[in-house]
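The chain contents come next:
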Amino acid sequence: MDLRTALFGNQPPEGGLYLPRALPRFTLGELRELRAAGSDALLEEVARRLFAPPLSGDAVGRILRAALDFPLPLVPLADAWVLELFHGPTLAFKDVGARFMARLMAELGDGGPLTVLVATSGDTGSAVAQAFAGLPGARVVVLFPDGRVSPLQERQFSTLGGNVRALAVRGSFDDCQRLAKQAFADPELRRRLRLTSANSINIGRLLPQVLYYFHAWAELPREPSELLFSVPSGNFGNLTAGLLAARMGLPVSGFVAATNANRVVPDYLETGRYQPAASVRTLATAMDVGEPSNFERMRALYPGGAEALGADVQGVVVGDDVIRETIRAVHGEHGYVLDPHGAVAWAALGRVLRERPAATGVALATAHPAKFPEVVEPVIGRPLEVPEALAACLARERRVEPLGARFDALREALLGEDAEEV
Ligand SMILES: *Cc1c(COP(=O)(O)O)cnc(C)c1O
């Protein structure tokens, strides 16, 4: 299957998930040469090998610079590192994959208008809406459960205007997902609107995430002899991208699958049995996943099962009490503020580094702490500064359209606007 089909099809018609048949492979010598030239040069070459062809080398460079137009600082903390992935427009790491995917779609589409329909319980909607906002030829329709996303999250996708519409569904997130599914199954909608999805299993969101693993390696002041990444995981797209980076030749010694109380993958690593469960609510809400969608991909990458995966990945479970204690201690001792998801990664990394003290540890920080003031502020005992990106969208006018949780209502909302424009 070619990249274009996987990108616009989202999922193979026969079920399962797309993975590249073969990955580009770097020798350590090549990587060292690129590292000497700096992270920008390294990332451009990694992106080129991943996406050219079908894209031209120039197009890859253009997409890379437009998608990653924010910094990815590698910050020293105690005796390890934090890779801050949250300086994009929605202040979470999903910006990386969503922004790259939006530009891949714009570049690989046939130029005709495209409608991206996304059902969201909060974060995905804002990352996708922001990623496509202002891109010519694309329209975004966000379906969200009215009154059930945080006011801050709602602001992030309802104040963009332009090519982004926010439909407040009178119902639950499940209703939103059902409506989106019905729309994708409707041949007339698909044809007339050129409907496409942008959800987290899309390969166009997964592949760009390998870039920041290479970036972290390039930014370390000395080439580490033993490198560990701690990845706060929910659907495991982030960790799967790390495994792909390692297969491309990045010299990584291991990964920490850091989870909250939703522990199906750490349990699988320990027992060899995969038992998806209903998700439980924790302080790291974006990781409250009981049946991780990328588990299938990890299983495909490790046909040897839990034992084989366990040679590269160690599972660590972090409870809510430890999340709070980690935020408090890191703030108290180092003056650094972690968000609840980054705290899971940091706490898990600490546990593993105790057994492997010689290793260089990098914890991925996936969200800005100001996105979770209700958790962070009482723990550190002071208010957080609101970052500019957030302040800007709080100041803009909010525009949402109410929608009954019925497919005919959605159909009319989608086609009505289409008819006006034709
Ligand atoms: C989505 C998300 C995660 C989990 O990432 P996966 O790729 O689904 O494992 C972690 N932290 C934050 C802040 C997120 O939004």
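Refer to the structure printed above.
Fair warning: this is a prediction, and the values are worked out from it, not measured in the lab. (Residues numbered from 1 in each chain as written. Predicted model: local features only at pLDDT ≥ 70, side-chain atom pairs only at ≥ 80, totals over all residues. Heavy atoms only, no water.)

Draft legend 1. Representation of the site of the ligand within the structure. The ligand sits among 15 residues. The nearest are K94, G234, N235, F236 and T366. Contact distances for the ligand include 2.8 Å between an oxygen atom and a backbone N or O atom of G234. One nitrogen or oxygen atom from the main chain of N238 is found 2.9 Å from an oxygen atom belonging to the ligand. For the ligand, whose free accessible area comes to 380 Å², the fraction covered by protein is 95%. For the shell around the ligand, a count of residues per class yields six nonpolar, seven polar and two charged. (Near = heavy atom within 4 Å. Polar contact = N/O pair within 3.5 Å; in protein donor to acceptor, adjacent residues only side chain to side chain. Areas by Shrake-Rupley, 256 points an atom, 1.4 Å probe, with all protein chains shown as cover. Nonpolar A, V, L, I, M, F, W, Y, C, P; charged D, E, K, R; others polar.)

Draft legend 2. Inspection of the sheet that holds strand β1 (residues 74-77) at higher detail. Strand order in the open sheet formed by six strands is β1-β2-β10-β7-β8-β9, and the pairing between neighbours is mixed. Since the sheet does not close on itself, it has two edges, and those belong to β1 and β9 (313-317), each with one partner. Recorded for the sheet is a direction-independent mean angle of 25° between the axes of neighbouring strands. Where strand β2 (residues 80-84) meets strand β10 (residues 360-365), four bridges bridge the pair, whose relative direction is parallel. Along β10, the bridge assignment pairs L83 with L364. This element, helix α11 (residues 211-219), spans β1, β2, β7 (227-232), β8 (254-259) and β10 of the sheet and lies at about 135° to β7. Sheet strands touched by helix α17 (residues 340-355): β1, β2, β7, β8, β9 and β10. Its angle to β10, the strand with the most contacts, is close to 165°. (Pairing = 2+ DSSP bridges. Helix = DSSP H or I, 4+ residues; strand = E, 2+ residues; numbered from the N terminus. Axes fitted to C-alpha atoms, helices over the stretch in contact; angles between N-to-C directions. Contact = heavy atoms within 4.5 Å.)

Draft legend 3. Expanded view of the packing of aromatic side chains. For the structure on display, the rule yields ten aromatic pairs. Summarising the aromatic geometry, the rings of Y213 and F229 are spaced 4.9 Å apart at their centres and angled 80° between planes, so their arrangement reads as edge-to-face. Taken as a pair, Y213 in helix α11 and F229 in strand β7 lie far apart in primary sequence, 16 residues in all. A relative accessible area of 0% means that Y213 is categorised as buried. (Phe/Tyr/Trp six-rings, centres within 6.5 Å; stacked < 30°, edge-to-face > 60°. Buried < 20%, exposed > 50% of the residue type's maximum accessible area, 1.4 Å probe, protein only.)

Draft legend 4. View of the pairing of β8. Most of β8 is tucked away, with six of its six residues classed as buried. By the alternation rule, side chains of β8 split into G254, V256 and A258 and F255, A257 and T259, which are all buried. By the bridge criterion, five bridges tie β7 to β8 in an arrangement that is parallel. Within β8, the residue paired with F229 across the bridge is F255. Of the pairings in the sheet, the one linking β8 to β9 comprises five bridges and is parallel in character. Counterpart to V256 in the pairing with β9 is Q314.

Draft legend 5. Just unusual backbone geometry, in detail. Between A52 and the following residue, P53, the backbone shows a cis peptide bond with an omega angle of -10°. Tracing the backbone through its elements, the reader meets P53 in the loop between α3 (39-51) and α4 (57-67). With an omega of 10°, the peptide bond running from P53 to P54 counts as cis. By the secondary structure assignment, P54 is in the loop between α3 and α4. Unlike most non-glycine residues, A78 shows phi in positive territory, near 50°. In this structure, R194 is a non-glycine residue whose phi angle is positive, near 50°. Tracing the backbone shows R194 in the loop between α9 (187-193) and β6 (195-196). Classification of R194 by relative accessible area gives partly exposed; the value is 28%.

Draft legend 6. Examining the sheet that holds β6 more closely. With parallel pairing, five strands are arranged side by side in an open sheet as β6-β3-β4-β5-β11. Two strands close off the open sheet at either side, each with one partner strand: β6 and β11 (401-404). Two elements, strand β5 (residues 164-170) and β11, share four bridges in a ladder whose sense is parallel. Bridge pairing in β11 places L167 opposite E401.

Draft legend 7. Here's a closer look at the packing of α4 against helix α5 (residues 94-108). Axis separation between α4 and α5 bottoms out at 9 Å; the angle between their running directions is 145°. Viewed along their axes, α4 and α5 form a crossing whose handedness is right-handed. Only R99, F100, R103, L104 and E107 of α5 make contact with α4, whose side of the interface consists of A59, R62, I63, L64, A66 and A67. The class makeup of the residues in the contact of α4 with α5 is seven nonpolar, no polar and four charged. (Left-handed = near helix turned anticlockwise from the far one by under 90°.)

Draft legend 8. Structural context of the environment of F214. In this fold, F214 is placed in helix α11. Taking the C-alpha atoms as reference points, F214 and G249, 35 residues apart in sequence, are found 9.8 Å from one another. F214 has contacts with L31, L42, L43, V46, A245, M248 and L250, leaving out every residue within four places of it along the chain.

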